[in-house]
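This is what each chain is made of:
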Amino acid sequence: MKWTRRACAVLALGVLPLSACDREPPEPPVTNDVEGDWVDTGRYAACTVRTTTDVACGDLDGFDVSRCDTGSLAGIPGDGIYTMLYRLDAESPGIGAGSFRVSADGSQDSFRGAAPTQRQVDADTFFLSNTRAQSSTTLRNSVVGCRAEGKRLYGCYVSCRNGKRTGAGTFVAERWERRAGEAEASGLGLVSESFVDAGMPVDIYVTQGHAYVVSVPDGVERGGLTVFDVRNPAAPVFKTYFSLPNDNYWNGVWAKGNALYVASADSGVVVFDITNPASPQWVKSVSSGQGRIDVHTVFVEGDRLYAMSPSPSPRTFIYDIQNPMEPRRLGDYAEVGAGSDPTVGYPHDALAFEGMLYINHWSGGYVMVDVSDPANPRKVGAYKYPYATSHANAVGKFGDRRIAFEGGENWGAHLRVLDVTDPAQPKRLGEYKLEENASIHNMVLKGERLYIAYYHHGVRVLDVSVPESPKEVAHYNTFRETDPDRGESFYEGAIGMRVPGDGYVYVIDTSRGLLIFPEL
């Protein structure tokens, strides 16, 4: 998360640039699509949050449900996992995704990632509240049901900080179920499954017959790096686990030769020596030239390493890795306004292909940057759409055309197919959608097959030989309600994926760990 326009943007943020600003070049063209992942149809429910000091922020009595159909709440399934969308009451409503779990006796209830501190779920009331302390701050979040329709619940929410309201609005929640009529699997057979006993696993890289799985902290469990010997994919062998006490939020991983690169939220890029692939040796944390940074994802193409940093100053760092153990910074790219304007977003992930860097810039959309001169990256185009959460992409050549597959990460997010032959004028060709209450995470393009890690929808394999009309040819539902820690987040299920070309597909599920399938 130096060319002149980027330096000028840094000046606007009050940071001393590396070089002086001359005349700012014209802003490259942006293609704006009117079709977003989510369409605002107004408030989801008739309830409101009372404005009063007589009731503590977040209490059940703080909601006005007098105009609600509370009698319908008896029909909502009282046992299961719900994914949900929050809509902030505002002139320009913000949205956010979430999840909760309820059970008949409350023993498996979860809200905001933990057991609710207060609950009342009965024939005419649905109320969950979670209070947690962080240092000197007390945070509280509460939801109340207003009406139910089938497996959907509509209601109101409020967020509080030290007893003061910080946000309020309405929500829609839908009971999670496997797609109607769909079997556990079609066209994909599970070869093996290996639990990852370290935080929440999120990403994987496979090289030298070994799978390198990175995890982020999960509650009191630290994240880190877990290594499996997968030379026999039917029987992976756990080899080692590595973590650092104050540096283990590790979200992305890639490799070049005997160097393994880990994306760290605490120290940027961490380099390991995997000369002995079963026993990685810590080498160093790579200097950004800008102090401590958060790197969320990494990508390697040829002799380049790209590190996408959401904070503290959102930008993509570019390193030379001709000497893989010693990445050397060549430059970086930052969108104008990144870090100060929330509509610009931040680099979440990226893919480099034939001299172009395709950046998923979250709320800023899909950004295309010419990196042929890494010291002076040049934006050449962008593709934006309403309520974007641009998150992952894959790019390939289809005849004379360059085709990009782009996906977001929110309620309603799905796959878009774009013709980016002319990056200044990207064109939407098609799309692939499943139910709106789950979203895409990662994707890998191998020839005319697109493999997607689709969170609750598991693994999806598409035939994209005709890019305009992606056709699903196989799937595997990795999500099971009986697995540990389900129902704690909107972002659960199949999350990480690699297709290294050895005949297998390696998938990370947030609960089940490492799953291996045959490549189609």
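Relevant structure appears above.
Conventions and cut-offs
Residues numbered from 1 in each chain as written. Predicted model: local features only at pLDDT ≥ 70, side-chain atom pairs only at ≥ 80, totals over all residues. Heavy atoms only, no water. Helix = DSSP H or I, 4+ residues; strand = E, 2+ residues; numbered from the N terminus. Rg over C-alpha atoms; globule rule 2.2 N^0.38 Å. Buried < 20%, exposed > 50% of the residue type's maximum accessible area, 1.4 Å probe, protein only. Areas by Shrake-Rupley, 256 points an atom, 1.4 Å probe, with all protein chains shown as cover. Pairing = 2+ DSSP bridges. Polar contact = N/O pair within 3.5 Å; in protein donor to acceptor, adjacent residues only side chain to side chain. Salt bridge = Lys/Arg side-chain N within 4 Å of Asp/Glu carboxyl O. Disulfide = S-S within 2.5 Å. Core = buried A, V, L, I, M, F, W, Y, C linked by side-chain atoms within 4.5 Å. Contact = heavy atoms within 4.5 Å. Axes fitted to C-alpha atoms, helices over the stretch in contact; angles between N-to-C directions. Phe/Tyr/Trp six-rings, centres within 6.5 Å; stacked < 30°, edge-to-face > 60°. Lys NZ or Arg CZ within 6 Å of the ring centre and 35° of its normal.

Participant: What should I look at first to understand the overall build of the chain in this one?
Facilitator: Within the chain, the secondary structure is distributed over 1 helix and 40 strands. Against the 2.2 N^0.38 benchmark of 24 Å for 520 residues, the chain shows a C-alpha radius of gyration of 23 Å, consistent with a compact globule. Seen along its three principal axes, the alpha-carbon backbone of the chain occupies a region of about 65 × 60 × 50 Å. A total of 520 residues make up the chain; the buried ones form 56% of that total. For the chain, the accessible area works out to roughly 20400 Å², and carbon and sulfur atoms hold 48% of it.

Participant: Where do I start with the pairing of strand E28 (residues 366-370) in this structure?
Facilitator: Residues in a regular strand point their side chains to alternate faces of the sheet. When you tally the buried positions in E28, you get 5 out of 5 residues, the bulk of the element. A two-sided burial pattern is seen for E28, the buried positions comprising Tyr-366, Met-368 and Asp-370 on one face and Val-367 and Val-369 on the other. The sheet contact formed by strand E27 (residues 356-360) and E28 spans 5 bridges and is antiparallel. When the bridges of E28 are listed, Leu-357 appears paired with Val-369. The turn linking E27 back onto E28 is made up of 5 residues, and Trp-362 within it adopts a positive phi angle of 50°. As paired elements, E28 and strand E29 (residues 378-384) share 5 bridges and run antiparallel to each other. Bridge assignment links Met-368 to a residue of E29, and that residue is Gly-381.

Participant: In this structure, what is going on with the side chain of Ser-309? I would like to understand it.
Facilitator: Looking at the element boundaries, Ser-309 is found in strand E23 (residues 304-309). Reaching out from Ser-309, the side chain makes a polar contact with the backbone oxygen of Ser-311 at a distance of 2.9 Å.

Participant: Looking at this structure, I do not really get the pattern of salt bridges. What am I missing?
Facilitator: Two side chains bearing opposite charge may form a pair once their charged atoms approach each other closely. Taken as a whole and assessed by the stated rule, the structure comprises 35 salt bridges. The salt bridge partner of Asp-109 is Arg-119, with a shortest N-O separation of 2.3 Å. Of the two residues, Asp-109 sits in the loop between strand E5 (95-102) and strand E6 (110-111) while Arg-119 sits in strand E7 (residues 118-122), which places them 10 residues apart along the sequence. A relative accessible area of 6% means that Asp-109 is categorised as buried. On the basis of relative accessible area, Arg-119 is assigned to the partly exposed category, the value being 33%. The partner of Glu-354 in a salt bridge is Arg-402, and the shortest N-O contact between them spans 2.6 Å.

Participant: I tried to follow the state of the cysteines on my own but got confused; where do I start?
Facilitator: Structurally, a disulfide amounts to a covalent bond that connects the sulfur atoms of two cysteines. On inspection of all chains with the given rule, the structure shows 3 disulfides. Between the sulfur atoms of Cys-47 and its disulfide partner Cys-156 the distance amounts to 2.2 Å. Given an S-S torsion of about 110°, the disulfide between Cys-47 and Cys-156 has right-handed geometry. You can see Cys-47 sitting in the loop between strand E1 (30-32) and strand E2 (48-49) and its partner Cys-156 sitting in strand E10 (residues 152-161), a full 109 residues away along the chain. In this pair, the class of Cys-47 matches that of Cys-156, namely buried. The disulfide partner of Cys-68 is Cys-146, and the gap between their sulfur atoms is 2.0 Å. Taking the sign of the S-S torsion, -100° for the link of Cys-68 and Cys-146, the bridge is left-handed. Here Cys-146 lies in strand E9 (residues 137-149) and Cys-68 lies in the loop between strand E3 (63-64) and strand E4 (80-88), a separation of 78 residues in the sequence. This pair shows no difference in class: Cys-68 is buried, exactly as Cys-146 is.

Participant: What should I look at first to understand the nonpolar core in this one?
Facilitator: A general trend in soluble globular proteins is that nonpolar side chains are found buried together. Counting residues in each nonpolar core, the largest one holds 72 residues, and the members touching the most others are Leu-260, Tyr-358 and Leu-514. In this structure Leu-260 touches Tyr-212, Leu-225, Val-253, Trp-254, Ala-255, Val-270, Val-271, Phe-272 and Ile-274, once residues within four positions along its chain are discounted. Core analysis: the second largest hydrophobic core is formed by 20 residues, Val-49, Phe-127, Tyr-154 and Val-158 among them.

Participant: Explain the sheet that holds strand E22 (residues 297-301) here, please?
Facilitator: Sheet strands associate in pairs through backbone hydrogen bonding, adopting either a parallel or an antiparallel arrangement. Strand order in the open sheet formed by 4 strands is E22-E23-E24-E25, and the pairing between neighbours is antiparallel. Strands with a single pairing partner mark the edges of an open sheet, and in this sheet they are E22 and strand E25 (328-333). Neighbour to neighbour, the strand axes of the sheet diverge by 20° on average, direction disregarded. Here E23 pairs with strand E24 (residues 315-320) via 6 bridges, running antiparallel. Along E24, the bridge assignment pairs Ala-307 with Phe-317.

Participant: Is there a simple way to explain the sheet that holds E9 in this structure?
Facilitator: One open sheet holds the 8 strands; their spatial order is E6-E5-E4-E11-E10-E9-E8-E7, and the pairing between them is antiparallel. Each edge of the sheet is formed by a strand with only one pairing partner; in this case those strands are E6 and E7. Where strand E8 (residues 125-134) meets E9, 8 bridges bridge the pair, whose relative direction is antiparallel. Bridge pairing links Ser-129 to Ser-142 in E9.

Participant: Can you walk me through the packing of aromatic side chains in this structure?
Facilitator: Between two aromatic rings, the relevant description is the distance of the centres plus the angle of the planes. For the structure on display, the rule yields 22 aromatic pairs. Judged by centre distance (4.7 Å) and plane angle (90°), the ring pair of Trp-38 and Tyr-387 falls under edge-to-face. Within this pair, whereas Trp-38 is found in the loop between E1 and E2, its partner Tyr-387 is found in the loop between E29 and strand E30 (390-398), the two being separated by 349 residues in sequence. Note on Phe-242 and Trp-250: the rings are 6.4 Å apart at their centroids and 15° apart in plane angle, and the pair reads as stacked. Overall, the relative accessible area of 23% leaves Phe-242 in the partly exposed class. Each member of the aromatic cluster is reached from another via a ring pair, and the members are Tyr-82, Phe-100 and Phe-126. Over the face of the ring belonging to Tyr-154 we find Arg-147, whose NZ or CZ atom lies 3.9 Å from the ring centre. It is Arg-416 that lies over the ring of Tyr-385; its NZ or CZ is 3.6 Å from the centre.

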